[in-house]
Amino acid sequence: DAMVIQNPRYQVTQFGKPVTLSCSQTLNHNVMYWYQQKSSQAPKLLFHYYDKDFNNEADTPDNFQSRRPNTSFCFLDIRSPGLGDAAMYLCATSKEARLTNEQFFGPGTRLTVL
Amino acid sequence: AQSVTQPDIHITVSEGASLELRCNYSYGATPYLFWYVQSPGQGLQLLLKYFSGDTLVQGIKGFEAEFKRSQSSFNLRKPSVHWSDAAEYFCARIKAAGNKLTFGGGTRVLVKP
């Protein structure tokens, strides 16, 4: 089945230690999104890629970076994780960036910062 | 700014009873609205969406939602809930540029036996 895969499902890192979260998709979608969801809150968009074009949200901290080496993979890099970065990170994809295109979500990676 | 509000943070319902989750949106001539469900520790699954046309939208898992422009609402309903419906439900809308979803705060549904 075509899907959005996130690895690992659970990630523990230390305060200040760089961490990378991975997302891959078999849907061949053009757009990939990263959302941050803190406990008991709604998901919040961090950034998205339309093909190779990177689009950062205005309020996304510089500590968060992303890479998309090819259509299938997208990575979220947190350069110096703080305790406040502990959250569920959700990856999503859509075929195009049109209003009517559904976003398909992966299962998420839960990040713990010690 | 375009926003989505879910007035109820928690709802507890008995199994077999009906369920209605409220969602209100602000601004936007033609809102594109969605309901997503998130089971504990899982990603988001789309239940249904409204773009235009018939204001009563049927979704998966027996859910439906009704778009009411006059009330700026897009409430989600299910006639008879199952224990497996216990989850968090998010209403969302799309921003015009970039296909960006803006979510409401979510409603956590607990199902009593």
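Everything below is about the structure printed above this text.
To start, this report covers the structure provided alongside it. (Residues numbered from 1 in each chain as written. Chains lettered and ligands numbered in written order. Predicted model: local features only at pLDDT ≥ 70, side-chain atom pairs only at ≥ 80, totals over all residues. Heavy atoms only, no water.)

## Here's the deal with the overall build of chain A
Phase 1: The secondary structure content of chain A amounts to zero helices and 11 strands.
Phase 2: When its helices and strands are written in sequence order, chain A yields β-β-β-β-β-β-β-β-β-β-β.
Phase 3: Taken against the 2.2 N^0.38 rule, which gives 13 Å for 114 residues, the C-alpha radius of gyration of chain A at 13 Å falls within 12% of a compact globule.
Phase 4: Taking the principal axes of the C-alpha coordinates as reference, chain A spans close to 40 × 30 × 30 Å.
Phase 5: For chain A, the proportion of its 114 residues judged to be buried stands at 49%.
Phase 6: Chain A carries 11 positive and 10 negative side-chain charges, and their two centres are separated by 6 Å. (Helix = DSSP H or I, 4+ residues; strand = E, 2+ residues; numbered from the N terminus. Rg over C-alpha atoms; globule rule 2.2 N^0.38 Å. Buried < 20%, exposed > 50% of the residue type's maximum accessible area, 1.4 Å probe, protein only. Lys, Arg positive; Asp, Glu negative; His and termini not counted. Charge placed at Lys NZ, Arg CZ, Asp CG, Glu CD.)

## Here's the deal with the overall build of chain B
Phase 1: Along the backbone of chain B there are zero helices and 12 strands.
Phase 2: Its helices and strands taken in sequence order, chain B reads β-β-β-β-β-β-β-β-β-β-β-β from the N to the C terminus.
Phase 3: Over its C-alpha trace chain B gives a radius of gyration of 13 Å, about what one expects of a compact globule, namely 13 Å for 113 residues.
Phase 4: Overall, the C-alpha framework of chain B stretches about 45 × 30 × 20 Å when taken along its three principal axes.
Phase 5: Surface exposure of chain B reaches about 5300 Å², of which carbon and sulfur atoms provide 51%.
Phase 6: Averaging the locations of the 12 positively and 8 negatively charged side chains of chain B gives two centres separated by 8 Å. (Areas by Shrake-Rupley, 256 points an atom, 1.4 Å probe, with all protein chains shown as cover.)

## Digging into the pairing of strand E6 (residues 44–50) of chain B
Residue and element names in this part refer to chain B.
Phase 1: A large share of E6 lies buried, amounting to five of its seven residues.
Phase 2: As defined by bridge partners, strand E5 (residues 33–38) adjoins E6 across six bridges and the pair is classed as antiparallel. Bridge pairing in E6 places Val37 opposite Gln45.
Phase 3: Here E5 hands over to E6 after five residues, with Gly41 in that stretch at a positive phi of 70 degrees. (Pairing = 2+ DSSP bridges.)

## Quick notes on the sheet that holds strand E7 (residues 64–67) of chain A
Residue and element names in this part refer to chain A.
Phase 1: In space, the four strands of this open sheet follow the order E1-E3-E8-E7, with antiparallel pairing throughout. Strands with a single pairing partner mark the edges of an open sheet, and in this sheet they are strand E1 (4–7) and E7. With direction set aside, neighbouring strand axes in the sheet form an average angle of 20 degrees.
Phase 2: Examined bridge by bridge, E7 and strand E8 (residues 73–78) share four bridges and lie antiparallel to one another. (Axes fitted to C-alpha atoms, helices over the stretch in contact; angles between N-to-C directions.)

## Regarding the nonpolar core
General note: in soluble globular proteins, nonpolar side chains tend to be found buried as a group.
Residues and elements named next belong to chain B.
Phase 1: Formed by 25 residues in total, the largest nonpolar core has its most connected members in Trp35, Leu48, Phe74, Leu76 and Tyr89.
Phase 2: Only strand E2 (10–14), strand E3 (19–21), E5, E6, strand E8 (64–68), strand E9 (73–78), strand E10 (87–95) and strand E12 (107–112) provide two or more residues apiece to this core.
Phase 3: When near neighbours in sequence (up to four residues on either side) are disregarded, Leu48 contacts Leu33, Phe34, Trp35, Val57, Gln58, Gly59, Phe63, Glu64, Ala65, Phe74 and Leu76.
Phase 4: With 20 residues, the next largest nonpolar core counts Tyr36, Leu44, Leu101 and Phe103 among its residues. (Core = buried A, V, L, I, M, F, W, Y, C linked by side-chain atoms within 4.5 Å. Contact = heavy atoms within 4.5 Å.)

## Quick notes on the interface of chain B and chain A
Phase 1: Chain B puts 22 residues into the contact, and the matching count from chain A is 24 residues.
Phase 2: Across the chain B to chain A interface the summed buried area is about 1800 Å²; carbon plus sulfur atoms make up 56%.
Phase 3: In terms of surface lost to chain A, no three residues of chain B exceed B:Leu44, B:Asn99 and B:Lys100, which account for 28% of the buried area on that side.
Phase 4: In this structure, A:Glu57 engages B:Lys100 in a salt bridge whose closest nitrogen and oxygen atoms are separated by 3.0 Å. (Buried area = accessible area lost by both parts, 1.4 Å probe. Salt bridge = Lys/Arg side-chain N within 4 Å of Asp/Glu carboxyl O.)

## Digging into the pattern of salt bridges
Phase 1: Evaluation of the coordinates by the stated rule reveals eight salt bridges over all chains.
Phase 2: For A:Lys44, the salt bridge identified is with A:Asp59, shortest N-O distance 3.3 Å. On the criterion of sequence distance, the pair formed by A:Lys44 in strand E5 (residues 44–50) and A:Asp59 in the loop between strand E6 (53–56) and E7 is long-range, its members being 15 residues apart.
Phase 3: When salt bridges with common partners are traced through the structure, they connect B:Glu64, B:Glu66 and B:Arg77 into a single cluster.

The analysis is restricted to geometry; functional conclusions fall outside its scope.
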